[in-house]
Amino acid sequence: MAGPSPRLHQRVCEILASEIASGALSAGAYLTETSLADRFGISRAPARHALGELELRGLMQRVPGRGYQILSSESGTAPAAPSSHSAGSDEKIHFLSSWELIYRQIEIEIVSRTSLASWRINEAALAAAHGVSRTVARDVMARLQQRGVVLKDDAGRWLAPGLTPVHIGQLYELRWVLEPLALEQAFPHLPDGYVAGCIEFVEQAIAAAETVTGDMLDRVEHQLHSELLGYCDNRALMQAISLPQAILVAHHFLYQPKTTGYDGEPFLLEHLDVLSPLASGDIGAACDALERHLRISRDRAIARIGAAASRNIALPDLPYLERQGHVKTD
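About the criteria used
Residues numbered from 1 in each chain as written. Predicted model: local features only at pLDDT ≥ 70, side-chain atom pairs only at ≥ 80, totals over all residues. Heavy atoms only, no water. Helix = DSSP H or I, 4+ residues; strand = E, 2+ residues; numbered from the N terminus. Buried < 20%, exposed > 50% of the residue type's maximum accessible area, 1.4 Å probe, protein only. Areas by Shrake-Rupley, 256 points an atom, 1.4 Å probe, with all protein chains shown as cover. Pairing = 2+ DSSP bridges. Core = buried A, V, L, I, M, F, W, Y, C linked by side-chain atoms within 4.5 Å. Contact = heavy atoms within 4.5 Å. Expected span 1.5 Å × (residues − 1). Bend = angle between axes of the 7 residues up to and from the residue.

**As for the overall build of the protein chain**
Stage number 1. In terms of helices and strands, the protein chain carries 14 helices and seven strands.
Stage number 2. Counting over 330 residues, the protein chain shows a buried share of 48%.
Stage number 3. Carbon together with sulfur atoms contributes 52% to the accessible area of the protein chain, which is approximately 15400 Å² in total.

Printed below as a string of structure tokens:
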């Protein structure tokens, strides 16, 4: 491989092997290409190579649809000496730039509140609240803008628009046009057994019935709409998809049982409607089912967010957010 990828995947592999040996990563836990890419700020390619190397060492095994499961260090080859890299080494955070270290938290803070209102964002206050420079805060805002979470008003001020029915509808219209196309292009690249593993996980969520957790529902959504579609190698298409998928962050908040007030999750069966024809190779039926699922999800999201807004759920005040008004749900 050319470029920096070999160095990156070797460094990631060394860190993970050390963490497995020390017990910082426990046996039975799962890692995925996406989770490593997010953690270390790298692309999926070096993440995939790192996981493959750890599998060759006997420290992990691939489980279709779930990622790679960590084995006990005693069951495989002892990892190479960590030299200057260790589980507590600062080397781990050097993969991420400063803005990436705080981005996910800020995204969740903002998007979870856009179901309730529109918000003005004070860039200087954001920097102060997170102990970073204005440059880092500006980088965070640029990424949020790219993701469709924030925009600039006519005066050049940052605004996070509330998730009104019109805005939600526009996001979902983009999704049901773009995601089936990405699914079609991802299909030839899916690993053997991947879809079967996805189906198994959805069936586990269905079997859990009323005890299913918000995190598990969030994981099901991420599995289809992020991980599976991530096998599409059309980078321009995936970049376009990333904007309307920002609404998935709001879903993470709305799936929490104490905030939704909803019993059962019908989207689980809709996911099976997508995955089942995919497993049999009927990509056309799978794409049709995905579009149908997203059209239904639009109405469900509008109702769910409207319910949250009507209850005026209390969230902690944040020093960098100024409320602009309630979301209108009609």
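**Notes on the pairing of strand S2 (residues 60-63)**
On a regular strand, each side chain points to the face opposite its neighbour's, so the side chains alternate between the two faces of the sheet.
Stage number 1. As defined by bridge partners, S2 adjoins strand S3 (residues 67-70) across four bridges and the pair is classed as antiparallel. If you follow Val-63 over to S3, its bridge partner there is Gly-67.
Stage number 2. Between S2 and S3, which pair antiparallel and follow one another directly, the connecting turn spans three residues, one of which, Gly-65, has a positive phi of 85°.

**Here we look at the nonpolar core**
Stage number 1. The biggest cluster of nonpolar side chains holds 40 residues, and the ones touching the most others in it are Leu-183, Leu-190, Val-220, Leu-228, Leu-268, Leu-275 and Leu-278.
Stage number 2. When residues of this core are traced back to their parent elements, those giving at least two are helix H7 (165-186), helix H8 (194-208), helix H9 (214-228), helix H10 (235-242), helix H13 (267-279) and helix H14 (283-310).
Stage number 3. Looking at which element gives the most residues to this core, the answer is H7, with eight residues.
Stage number 4. Every residue in contact with Leu-275, bar those within four places of it in the chain, is listed here: Val-195, Cys-198, Ile-199, Val-202, Leu-224 and Leu-228.
Stage number 5. Ranked by size, the runner-up nonpolar core spans 23 residues in total, among them Ile-106, Ala-117, Ile-121 and Leu-321.

**Digging into H7**
Stage number 1. In this model H7 runs 30 Å from its N-terminal to its C-terminal C-alpha over 22 residues, within 8% of the 32 Å that 1.5 Å per residue would give.
Stage number 2. Bending of H7 peaks at approximately 25° at the position of Trp-176, with proline Pro-180 no more than four residues after it.

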